[in-house]
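# Fold and contact review
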Amino acid sequence: MREWWQTLNVRERVLLAAVAIVALFVLIDSMIVETYRLKSGNLAEQLEQARDDLQWMQTAVHRLPSAQGGQPRQPRFSGRIVSYVDQQIQRHGLKDQMLQMSPIQDHSVRVSLQDVAFARLLNFLSQIDGTVIIEEARILPADSPGLVNVSLVIAKDDAAS
């Protein structure tokens, strides 16, 4: 390789060095910089979608009836949390959307719902509020607009017992 390089005149060496530098910059741009741009663009899209989802949820919350509208507080339930949650799910017409209900010891239950209308979910949650404690709620948008997939951990309100 050195012998070949030595046989080139100065003009050819300069030209080959310039081509190598340009090729190096193109390689760096295509492998590093462009990958960064794509990931940055994807993250920006995800952030914008999350902001849109947040705005949609905030407007949906404002359309719910107020809990302070003079409605009497719901009485505490007695019995098993699984039975109570199952009754409430049936009462609110969410039985068809329920994927799974699993008791967690004697004091809480995990419920998974799929393709639930967001307004119906908020109505359900507002009705059981004060009777039980919602320890965990994971709400993700479904494929159709206005529908969500939900995972809830609902527990007995020990202070009320």
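Being a predicted model, the structure only gives us computed values, none of them experimental.

Let us now look at the packing of aromatic side chains. Under the definition given, this model contains one aromatic pair. Where W56 meets F118, the ring centres are 4.6 Å apart and the plane angle is 40°; that geometry is what we call tilted. Within this pair, whereas W56 is found in helix α2 (residues 10–62), its partner F118 is found in helix α4 (residues 118–128), the two being separated by 62 residues in sequence. Residue W56 is classed as partly exposed on the basis of its relative accessible area, which comes to 31%. By relative accessible area, which is 3% here, F118 ends up buried.

Okay, a nonpolar patch on the surface next. A contiguous nonpolar surface patch, about 550 Å² in accessible area, is contributed by L24, L27, I28, M31, I32 and V33. In this fold, L24 is placed in helix α2.

Our focus in this paragraph is the side chain of S112. Looking at the element boundaries, S112 is found in strand β2 (residues 108–117). The class for S112 is buried, based on a relative accessible area of 17%. Once you skip the residues sitting within four places of it in the chain, S112 turns out to touch Q97, M98, L99, Q100, V150 and S151.

Take the side chain of Q88 next. Turning to its location among the elements, Q88 is positioned in helix α3 (residues 81–91). Using a relative accessible area of 8% as the deciding quantity, one classes Q88 as buried. Engagement of the side chain of Q88 in a polar contact is seen with the side chain of R91, the distance being 3.1 Å.

Time to look at the confidence of the model for the protein chain. Scored by pLDDT, the protein chain comes out at a mean of 84, with 88% of its residues at no less than 70. When mean pLDDT is compared element by element in the protein chain, β2 scores highest at 92, while helix α1 (residues 2–7) scores lowest at 86.

Once that is clear, we can look at the pairing of strand β4 (residues 147–156). Counting buried positions over the ten residues of β4 gives seven, a clear majority of the element. Bridge analysis of β2 against β4 gives eight bridges, and the strand direction is antiparallel. Bridge pairing links V111 to L152 in β4. Alignment of strand β3 (residues 132–141) against β4, held across nine bridges, turns out to be antiparallel. Counted as the bridge partner of I133 is A155 from β4. As consecutive antiparallel partners, β3 and β4 are separated by five residues, and within that stretch G146 has a phi angle of approximately 85°, a positive value.

Rules used throughout
Residues numbered from 1 in each chain as written. Predicted model: local features only at pLDDT ≥ 70, side-chain atom pairs only at ≥ 80, totals over all residues. Heavy atoms only, no water. Phe/Tyr/Trp six-rings, centres within 6.5 Å; stacked < 30°, edge-to-face > 60°. Helix = DSSP H or I, 4+ residues; strand = E, 2+ residues; numbered from the N terminus. Buried < 20%, exposed > 50% of the residue type's maximum accessible area, 1.4 Å probe, protein only. Patch = residues over 30% accessible without salt bridge, like charges linked within 9 Å, V, L, I, M, F, W, Y side chains within 5 Å. Areas by Shrake-Rupley, 256 points an atom, 1.4 Å probe, with all protein chains shown as cover. Salt bridge = Lys/Arg side-chain N within 4 Å of Asp/Glu carboxyl O. Contact = heavy atoms within 4.5 Å. Polar contact = N/O pair within 3.5 Å; in protein donor to acceptor, adjacent residues only side chain to side chain. pLDDT = per-residue confidence, 0-100. Pairing = 2+ DSSP bridges.

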